[in-house]
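# Understanding the architecture of this molecule
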Amino acid sequence: MITVEQVAGACGAVVHGADLAADLDDAEVAQIRQALLDHQVVFFRGQRLDPDQQVRFSRRLGPPSPVPFVQAIPEHPEVIAVVREATETHGYTFGGLWHSDFSFLPEPPSASILHALEVPPFGGDTVWASQTLAYRTLSPAMRQMLTTLEGVHSAVNAYSPKMQAVHDTFAGMSVQTDESATRTQVHPAVRAHGETGVPALFVNAQYTVGLCGFAPHEARPLLDFLAAHTTRTELTCRWQWRVGDVAIWDNRAVQHMAMADFTGHRRAMHRTTVAGEAPVAASSLT
Ligand code: SIN
């Protein structure tokens, strides 16, 4: 029997009683989907998924999202390995800046599924921040203004060719940068969730590089304010990984970041992503 245990005030719940490697019935998948909608990020302990099983489970949540720049593992084009080797001493890990996965795509992924294969003895937690709560905790005047704005998203600071030398120093990951990363994509600053309609801020430090119609020096202070506000500690849920854990998060409702605080130890995960819809603007003051 599936049960759901909330683990933080803002977002996050552990789902008990589901074996994600098994052939889940439709009712069980519906319960997991509902838990994800209710809690924005859900965790499962003690799972053992090989790449085929992870893909099969992921597809129960929806078709796969495109995965640009990051090379998939051999023979599994839907699975990327998120790995930081013990030998890496720089202060960075993949996903180490606050972001919503691939928000620079026209249709960013709805959900991401991360499975822990090897974890460090300390550190390497992932932190999520609720963007529906981030929106709700703004003043009515600020909410009103933000619902009229559109963010400019781009992978330029992550995956354009100027970043290849940086990626090449990361022994655990295989990333192929290219010029397409300089493209921009406009999304509403406040999106209505595709399934619940609940408004959420959709602006992040990694990929939101401007605001439509604003000069860069005008956009910067607002983006800096939003970067600070959207990641306030009370909006977050932090997960300390054990081998076998699976996290599923809703990129339409949360941002996340991984902590690079485990130098000297290896961390290895497999990630799949579920296709999403083009973000639709939330109407004013919902
Ligand atoms: C990611 O951003 O998808 C990676 C998160 C993590 O490794 O904790």
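Residues numbered from 1 in each chain as written. Predicted model: local features only at pLDDT ≥ 70, side-chain atom pairs only at ≥ 80, totals over all residues. Heavy atoms only, no water.

## Section: the sheet that holds strand β14 (residues 246-250)
Keep this limit in mind: Two strands qualify as a pair provided that DSSP identifies no fewer than 2 bridges between them. Helix numbering and strand numbering both begin at the N terminus, where a helix is a DSSP run of H or I of at least 4 residues and a strand a DSSP run of E of at least 2. Residue contacts are counted whenever heavy atoms from the two residues lie within 4.5 Å of one another. Here the axes come from fitting lines to C-alpha atoms, over the contacting stretch only for helices, and the angles between their N-to-C directions go from 0 to 180 degrees.
Across the sheet, which stays open at both edges, the 8 strands sit in the order β1-β2-β3-β14-β6-β16-β5-β4 with mixed pairing between neighbours. Edge positions in the sheet fall to β1 (3-6) and β4 (72-73), since each of these pairs with one other strand and no more. Across 4 bridges, the pairing between β1 and strand β2 (residues 13-16) is antiparallel. Across the sheet, Val 4 pairs through a bridge with Val 15, a residue of β2. Together, β1, β2, β3 (41-44), β6 (111-118) and β14 form the strand contacts of helix α1 (residues 26-39), whose direction differs from that of β3 by roughly 130°. Relative to strand β16 (residues 267-274), helix α2 (residues 51-61) is tilted by about 35°, and along the sheet it contacts β4, β5 (76-84), β6, β14 and β16.

## Overview of unusual backbone geometry
Unusually for a residue other than glycine, Gln 40 sits at a positive phi of about 75°. Structurally, the position occupied by Gln 40 is in the loop between α1 and β3. The phi dihedral of Glu 75 is positive, around 65°, even though this residue is not glycine. Considering the arrangement of structural elements, one finds Glu 75 in the loop between β4 and β5.

## Some points on the site of the ligand
The criterion, for reference: Consider each residue's heavy atoms; a residue with any of them within 4 Å of a molecule or strand counts as near. N or O atoms closer than or at 3.5 Å make up a polar contact, with two conditions inside protein: a donor-capable atom paired with an acceptor-capable one, and, for residues adjacent in sequence, both atoms drawn from side chains. Residue polarity follows a fixed list, in which Ala, Val, Leu, Ile, Met, Phe, Trp, Tyr, Cys and Pro are nonpolar, Asp, Glu, Lys and Arg are charged, and the others, Gly among them, are polar.
By nearness alone, every residue bordering the ligand is listed as Val 82, Gly 95, His 99, Asp 101, Leu 114, Thr 126, Trp 249, His 256, Ala 258, Arg 267 and Arg 271. Take His 99: an N or O atom from its side chain is 3.0 Å from an oxygen atom of the ligand. In this structure, an oxygen atom belonging to the ligand sits 2.7 Å away from a side-chain N or O atom of Arg 271. At the level of elements, β15 (254-258) and β16 are the ones that each hand at least two residues to the shell around the ligand. When the residues that make up the shell around the ligand are grouped by side-chain class, the tally is 4 nonpolar, 4 polar and 3 charged.

## Some details on the environment of Gln 6
Heads up, the rule is: Burial here depends on accessible area, computed with a 1.4 Å probe over protein chains only, as a share of the maximum for the residue type. Under 20% is buried, over 50% is exposed, and the range in between is partly exposed.
Along the chain, the position of Gln 6 falls in strand β1. The partly exposed category is assigned to Gln 6, whose relative accessible area is 47%. In sequence terms Gln 6 and Val 203 are 197 residues apart; their C-alpha atoms lie 26 Å from each other. Discounting residues that sit within four places of it in the chain, Gln 6 has contacts with Gly 12, Ala 13 and His 39. Polar contacts involving the side chain of Gln 6 include one to the main-chain carbonyl oxygen of Ala 8, which spans 2.8 Å.

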